[in-house]
Amino acid sequence: MTGRLWAPWRMQYVASARQKPEGCLFCQKSREPVSADSMVLFRGEYAFAMLNAFPYTNGHLMVAPIRHTADMNELTDPELLEIARFVRRCVNVLEEAYHPDGFNIGVNLGRAAGAGIEDHIHWHIVPRWNGDTNFMPVLADVRVIPDSLENTYAKLCDAMRRLDGDGTDTGPVGRGEP
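Residues numbered from 1 in each chain as written. Predicted model: local features only at pLDDT ≥ 70, side-chain atom pairs only at ≥ 80, totals over all residues. Heavy atoms only, no water.

Asker: An account of the sheet that holds strand 3 (residues 61-65) is requested, with residue identities and associated values reported.
Answerer: Spatial strand order, 1-2-3-5-4: five strands in an open sheet with antiparallel pairing. Two strands close off the open sheet at either side, each with one partner strand: strand 1 (40-43) and strand 4 (102-107). The sheet shows a mean angle of 20° between the axes of neighbouring strands, taken without regard to direction. As paired elements, strand 4 and strand 5 (residues 123-128) share six bridges and run antiparallel to each other. Considered in strand 5, the bridge of G102 is made with R128. Most of the contacts of helix 5 (residues 149-164) go to strand 1, to which it runs at about 35°, and overall it touches strand 1, strand 2 (47-51) and strand 3. (Pairing = 2+ DSSP bridges. Helix = DSSP H or I, 4+ residues; strand = E, 2+ residues; numbered from the N terminus. Axes fitted to C-alpha atoms, helices over the stretch in contact; angles between N-to-C directions. Contact = heavy atoms within 4.5 Å.)

Asker: Account for the nonpolar core, with residues named and values stated.
Answerer: One finds L41, L61, V63, I125 and L156 to be the most contacted residues of the largest nonpolar core, which totals 26 residues. Those elements that place two or more of their residues in this core are strand 1, strand 2, strand 3, helix 3 (77-98), strand 5 and helix 5. Of all the elements, helix 3 adds the most residues to this core, at nine residues. If near-sequence neighbours (up to four positions away) are discounted, L41 is found in contact with V34, A49, M50, L51, L61, Y153, L156, C157 and M160. Counting residues in each nonpolar core, the second largest holds eight residues, with F26, V40, M50 and M62 among its members. (Core = buried A, V, L, I, M, F, W, Y, C linked by side-chain atoms within 4.5 Å. Buried < 20%, exposed > 50% of the residue type's maximum accessible area, 1.4 Å probe, protein only.)

Asker: Go over a nonpolar patch on the surface, please, and point to the residues and values.
Answerer: On the surface, a cluster of nonpolar side chains totalling about 230 Å² of accessible area is made up of M72, L80 and L109. Mapped onto the elements, L80 comes out in helix 3. Taking the relative accessible area as the measure of exposure, L80 reaches 30% and is therefore partly exposed. (Patch = residues over 30% accessible without salt bridge, like charges linked within 9 Å, V, L, I, M, F, W, Y side chains within 5 Å. Areas by Shrake-Rupley, 256 points an atom, 1.4 Å probe, with all protein chains shown as cover. Salt bridge = Lys/Arg side-chain N within 4 Å of Asp/Glu carboxyl O.)

Next up, the structure:
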């Protein structure tokens, strides 16, 4: 008997893959409030962090500069520093919320490198667990994401509150960071 794996939220991705979005997603998100609706977790002067709407795993986050650029060489030192600090903060929040065994952290520069959004550089922070790669992505080209984006956002906000008090601080969290 063939089982069924229901993933109705994937229809949004399937439908959007055929459409060219208007404007830049990251520019749009950089102007939206920090909220569960926007999926923006925190923002600083030069960068912000948000959930990936089409995650590889639960807690898949992205950090992007507020300024629109695809070229890493165009980023200023203050922008790069804030991005690096936000990537570190994402790792700490994900460790607090999910206790992963490791992380994939990276940037895809250009379509050939796998960039889904080529014109606005962004970093992916993907929590990983021992054994999280199974037959589903290999045989069925399907990823099993066990929790909703809304629950993931709430869990990450709770982790931020535990790490830095009220969850409103945009600086680094945990481990005695400055």
